[in-house]
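# Descriptive analysis of the structure
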Amino acid sequence: MTYQDPTGKLSEKLLDRAAPDRAAFEDLVIVPLFAVVVALILGALTMLATNVDLATIGKSYVALLNGSVGSLNAISETLTAAAPLTLAGLGLALGFRAGLFNIGAEGQILVGGMATVIVGFSFPGMPAAIHLPLALLAGAVAGGLYASIAGWLRAATGAHEVISTIMLNLISYRLIDYMLRLPFIQREGRADPVSKSVLESAELPRLLSFIDPNLRVHAGIFLMFAAVAAVYWLLFRTRLGFEFRTSGESPDAARYAGMRAGLLIVLVMGLAGALAGLAGANQVLGVLGRATPGFSAGIGFDAISVALLGRSHPIGVLLAGLLFGALEAGGRQMQVDAGVSIDLIGIIQALIIVFIAAPLLVRALFPWGFSKLTKTSKE
Amino acid sequence: MTSPADIAAAAPQRLGKGRQRQARISGAVLLGLAALVALVFAQDVAGEATFRLSRPTDPLALPDLVVPALPFSYAAAAVLAFLGVRQFLRGGVRWTSLSLGFGLFLAVAAFLVWATAGKSFSLTGMLQATVVRAVPIALGGLAGVLSERVAVVNIAIEGMLLAGAFTGALIGSLMGGLGGLAAAVAIGGLFGFILAALVVTYRVDQIIAGVVINLFVLGVTSYVSSQVYQEYRFLNNAPVFRPVKIPFLGDLPVVGPVLFNQNVFVYGAIVMVAVATYYLFYTRMGLRARSVGEHPRAADTLGINVYRTRYVNVTIAGMVAGFGGAWFTLGSVGRFDEGMTGGRGYIGLAAMIFGRWHPVGALMAALVFGFADAMQQKLALLNTPIPSEFLAMSPYIATIIVVAGLIGRSRPPAADGQPYAKE
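Residues numbered from 1 in each chain as written. Chains lettered and ligands numbered in written order. Predicted model: local features only at pLDDT ≥ 70, side-chain atom pairs only at ≥ 80, totals over all residues.

So, about the overall build of chain A. Secondary structure summary: chain A contains 15 helices and 0 strands in total. Every one of the 379 residues in chain A was classed for burial, and the buried ones make up 53%. A separation threshold of at least 6 residues defines the contact pool for chain A, and within that pool the share at least 24 residues apart is 75%. (Helix = DSSP H or I, 4+ residues; strand = E, 2+ residues; numbered from the N terminus. Buried ≥ 20, exposed ≤ 12 C-beta atoms within 10 Å, placed from the backbone. Contact = placed C-beta atoms within 7 Å.)

The structure is reproduced here in structure tokens:
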């Protein structure tokens with residue numbers, strides 16, 4: 001308890017009734033804003049501590065801004081980076097809503113992407129109108145099945161999904177290494193583990209190549225927006241979504257209401273895995289064109305942050321995904337322009353999340369940013 | 001977000017059904033293992049497997065252990081099949097875990113015999129590697145036990161291990177091994193304190209707080225190693241603690257090299273597990289800590305300071321994890337690489353659950369994981385027809401089987417994962 005306001009309870013209630021917007025506004029706008037600003041300041045301090053001079057720090061933040069929204073190319077890069085983060089983040093958000101902490105998006109991305117690649121290079125001559133959806137479907141199904149292993153284990157034996165998904169991640173790395181050396185997957189004439197390339201008929205088409213062939217933004221962003229809408233509809237407009245949310249918020253109530261907990265767990269994990277699998281498909285069909293060891297590149301772990309940052313709400317996840325995509329794209333520019341390692345972005349991301357997850361901490365650090373009598377915590 | 005505690009709280013009602021299902025699943029696993037041993041390991045196997053127990057130069061040398069491969073495989077398959085069928089016929093509730101554990105042991109033994117058939121293999125060397133590799137997992141698990149016993153879920157172990165490894169290398173390069181070790185312990189404690197502050201005072205969701213610490217530590221250590229270590233290599237060149245042989249005990253066959261000729265981390269881990277067991281279960285402080293984990297409201301009513309207890313225990317847990325983290329640099333290679341803990345902290349969590357939230361249990365579980373790790377490494381030398389990727393997967397698959405098979409019998413502290421707000 002940081003706020004010991006003697007009249008707190010009463011005035012809180014009154015204030016809530018009189019001006020509900022103020023408190024909501026502070027939680028939704030001021031806290032994230034403070035979080036981003038403070039994270040950037042602390043990032044600058046980190047650079048100072050590692051002997052980076054002030055001019056370079058300024059230059060790196062200018063590059064961060066330029067590389068994320070400063071030009072058409074920058075925006076294209078931001079959207080390209082945001083799509084898989086948002087897709088996988090939506091899956092994790094579904095899990096969080098249902099009370100499941102799925103750390104396995106990384107493995108699901110790998111398995112889904114791998115299935116997509118196999119379909120993507122296997123059917124020469126197939127028209128794109130069939131081939132592309134088929135490849136996407138393969139990714140979703142493979143990711144979904146892989147994730148439902150953890151769901152089934154949880155439902156059938158009670159094995160905690162945190163552990164089983166972590167183990168499935170570790171297993172998937174080895175599995176991909178193994179598969180990439182199978183003769184029918186490995187590219188001909190290569191000794192290193194690289195898959196064959198996805199055929200053109202399965203690629204997600206680039207959207208702006210008529211302006212500049214280097215613009216990488218591709219049709220995957222439609223997939224991203226469609227998934228946001230679909231998850232929103234599923235969570236808040238359907239009975240299944242209601243059951244997900246109920247079993248997350250109150251497992252007891254869900255059980256007494258006759259919801260089948262085991263089935264729900266498997267379904268949620270399957271859907272989450274399908275979305276992560278789509279994220280993997282999005283990467284291999286839109287950006288990479290083939291699979292290599294570890295092509296997921298940590299997207300599955302960043303997606304956890306995206307889902308947490310977006311408070312497991314589809315719109316929030318979209319915004320968080322765009323923010324992280326911008327940081328990613330800007331971070332690459334920063335590394336090129338100012339010579340500051342992109343790992344700095346990881347620090348900034350962690351700081352943003354901690355401040356957003358701890359509104360109490362932000363309020364304690366910046367009391368002047370908030371009205372005194374609002375609720376100290378909405379939880 | 002649901003915590004494991006909610007599920008555990010709901011467990012008693014469906015215990016009967018759940019247990020039976022578990023017994024059946026373990027039965028199926030045992031039968032599967034029997035089939036595996038009979039159909040894979042007992043085929044095209046010939047000759048004898050020779051396990052070396054000591055080096056010829058040892059003062060007390062033991063003869064080699066020689067196992068005829070084919071009879072052993074069939075015997076193992078028969079015992080496994082018997083155990084599996086028994087699970088189905090008797091409902092097997094009473095001995096499920098024991099049968100499963102023994103079954104896995106037999107399957108591993110059959111696998112080793114199959115892989116070694118016609119060759120020879122140093123069993124002592126592998127056991128020694130087992131102990132060494134179990135150290136960070138055991139310390140991670142112990143850190144988990146210490147914080148979860150006061151109802152703070154500690155996902156941040158991975159980050160604390162990494163922070164300990166990094167600080168150990170950095171300060172170790174500047175001030176020598178002992179300084180590095182002390183700094184690693186201190187930094188682990190610092191992150192433990194931060195976790196406690198986030199979770200207890202600022203009531204951040206415990207899992208989010210843990211994930212954040214992991215992300216932050218990964219970010220900082222990767223940033224510094226790519227930004228600074230590239231340029232100043234002398235900052236990442238720490239001395240390594242050498243094994244210290246304990247007089248007399250170190251000369252015993254098998255046990256000597258495995259347990260009594262190791263470095264400070266192995267001895268430290270064993271001592272810490274013993275001290276933690278004594279602290280948690282035989283002292284007044286430990287009783288208080290456990291009561292905070294089981295029923296914080298009651299503990300508070302009795303005058304125990306719940307917040308302070310959580311702060312102290314989680315900080316100590318961080319220090320233990322920091323010590324474990326130093327193993328990666330000061331205990332083995334002397335230099336830090338990005339993300340070098342490679343998920344050991346999470347495996348430590350699995351060890352904690354497998355070990356039923358008990359320090360000794362966590363140590364035993366860590367030895368199992370260490371064994372799998374060491375086996376995978378040593379078997380690469382034996383040239384088995386199994387692709388090395390599948391060998392590398394085996395510890396993780398074993399972890400899943402173990403967690404799925406045993407979780408019903410292990411119970412987390414009742415308040416685990418729940419924040420406590422003083423009224």
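It is worth spelling out the overall build of chain B at this point. Helix and strand content of chain B: 16 helices and 5 strands. Burial analysis of chain B (423 residues in total) assigns 54% to the buried set. Long-range contacts, defined here as pairs at least 24 residues apart, represent 80% of the contacts in chain B between residues at least 6 apart.

Before going further, it helps to spend a moment on unusual backbone geometry. Residues and elements named next belong to chain B. Even without being glycine, Arg203 reaches a positive phi, approximately 50 degrees. Tracing the sequence through the fold places Arg203 in the loop between helix H7 (177-201) and helix H8 (206-229). Take Arg203: there are 22 C-beta atoms within 10 Å of it, and that puts it in the buried class. Non-glycine residue Phe248 carries a positive phi angle of around 65 degrees. Note that Phe248 resides in the loop between strand S4 (244-245) and helix H9 (255-259). Residue classification places Phe248 among the exposed positions, given that 9 C-beta atoms sit within 10 Å.

Moving on to the confidence of the model for chain B. All names here are of chain B. With 90% of its residues at a pLDDT of 70 or more, chain B shows a mean pLDDT of 83. Mean pLDDT across the secondary structure elements of chain B bottoms out at helix H1 (residues 4-10), with 49, and peaks at helix H10 (residues 264-282), with 94. Long-range and interchain partners of residues 7-15, a stretch whose pLDDT sits below 50, account for 5 contacts in this model, where long-range means more than four residues apart. Both confidence scores are given for the complex: pTM 0.82, ipTM 0.79. (pLDDT = per-residue confidence, 0-100.)

Contacts between the two partners involve 49 residues from chain B, matched on the other side by 40 residues from chain A. Considered class by class, the residues forming the side of chain B that touches chain A number 33 nonpolar, 10 polar and 6 charged. (Nonpolar A, V, L, I, M, F, W, Y, C, P; charged D, E, K, R; others polar.)

Sheet strands associate in pairs through backbone hydrogen bonding, adopting either a parallel or an antiparallel arrangement. All names here are of chain B. Taken together, the 3 strands give an open sheet; going across it, the order is S2-S1-S3, and neighbouring strands pair in mixed fashion. The open sheet is flanked by strand S2 (65-68) and strand S3 (120-122), the only strands paired with a single partner. Ignoring which end each strand starts from, the neighbouring axes of this sheet average 25 degrees apart. One ladder, built from 4 bridges, connects strand S1 (residues 48-52) with S2; its direction is antiparallel. Within S2, the position partnered with Thr50 by the bridge is Val66. (Pairing = 2+ DSSP bridges. Axes fitted to C-alpha atoms, helices over the stretch in contact; angles between N-to-C directions.)

This part takes up the domain arrangement of chain B. Here chain B is partitioned into domain 1 (1-118) and domain 2 (131-387). For domain 1 of chain B and domain 2 of chain B, the distance between their C-alpha centroids amounts to 29 Å. (Domains from an automatic or database assignment.)

All names here are of chain A. With 16 residues, helix H3 (residues 54-69) ought to run about 22 Å at 1.5 Å a step, and its terminal C-alpha atoms sit 23 Å apart, in line with that. Listing the buried residues of H3 in full gives Ser60, Ala63, Leu64, Gly67 and Ser68. Down the axis of H3, the sector holding all buried residues measures 115 degrees, keeping them to one side. Of the exposed residues in H3, those oriented more than 90 degrees away from the buried face are Leu54, Ala55 and Gly58. Those residues of H3 hidden inside the fold are in contact with helix H4 (72-97) and helix H13 (314-338). (Expected span 1.5 Å × (residues − 1). Arc of directions from axis to C-beta.)

This paragraph deals with the packing of H10 of chain B against helix H15 (residues 359-379) of chain B. Any two packed helices are characterised by the angle at which their axes cross and by the distance between the axes. All names here are of chain B. For the pair H10 and H15, the least separation of the axes is 8 Å and the interaxial angle reads 150 degrees. Taken together, the axes of H10 and H15 are roughly antiparallel relative to one another. Residues Val273, Ala276, Thr277 and Leu280 of H10 lie in contact with H15, whose contacting residues are Pro359, Val360 and Leu363. A breakdown of the residues in the contact of H10 with H15 according to their chemical character gives 6 nonpolar, 1 polar and no charged. (Parallel < 35°, antiparallel > 145°, perpendicular 65-115°, else oblique.)

Moving on to helix H11 (residues 261-288) of chain A. All names here are of chain A. Spanning 28 residues, H11 covers 39 Å between terminal C-alpha atoms, matching the ideal 40 Å at 1.5 Å per step. For H11, the tally of buried residues reaches 23 of 28 residues, placing the bulk of the element in the interior. Gly289 occupies a position one or two residues after H11 and carries a positive phi of about 80 degrees.

The subject of this paragraph is the packing of helix H5 (residues 105-122) of chain A against H11 of chain A. Residue and element names in this part refer to chain A. Close contact between H5 and H11 brings their axes to 7 Å; oriented N to C, the two are set at 55 degrees. One finds that H5 runs oblique with respect to H11. Note that H5 runs across H11; the crossing there is right-handed. Note on element contacts: H11 touches H5 through Gly273, Ala276, Gly277, Leu278, Ala279, Gly280, Ala281, Gln283, Val284 and Leu285, opposite Ala105, Gln108, Ile109, Leu110, Val111, Gly112, Gly113, Thr116, Val117 and Gly120. In terms of residue class, the contact of H5 with H11 is built from 11 nonpolar, 9 polar and no charged. (Left-handed = near helix turned anticlockwise from the far one by under 90°.)

Below, the discussion takes up the confidence of the model for chain A. Residue and element names in this part refer to chain A. For chain A, per-residue confidence averages 84 on the pLDDT scale, and residues scoring 70 or more make up 89% of the total. Ranking the helices and strands of chain A by mean pLDDT puts H5 first, with 94, and helix H1 (residues 8-18) last, with 50. A low-confidence stretch, residues 373-379 stays under pLDDT 50, and its non-local contacts, those more than four residues away or across chains, total 19 contacts.

The pairing of S1 of chain B with S3 of chain B spans 3 bridges and is classified as parallel. When the bridges of S3 of chain B are listed, Thr50 of chain B appears paired with Ser120 of chain B.

All names here are of chain B. Assignment of secondary structure puts Ala183 in helix H7. Along the primary structure Ala183 and Asp337 are separated by 154 residues, whereas in three dimensions their C-alpha atoms are 18 Å apart. Once residues within four sequence positions are removed from consideration, Ala183 is found in contact with Thr167, Gly168 and Ile171.

Bringing the environment of Leu318 of chain A into the picture now. Residue and element names in this part refer to chain A. Mapping Leu318 onto the fold places it in helix H13. You can call Leu318 buried: it has 24 C-beta atoms within 10 Å. When the C-alpha positions of Leu318 and Arg290 are compared, they lie 26 Å apart, and in sequence the two are 28 residues distant. Apart from residues no more than four positions distant in its own chain, Leu318 is found in contact with Thr86 and Val228.

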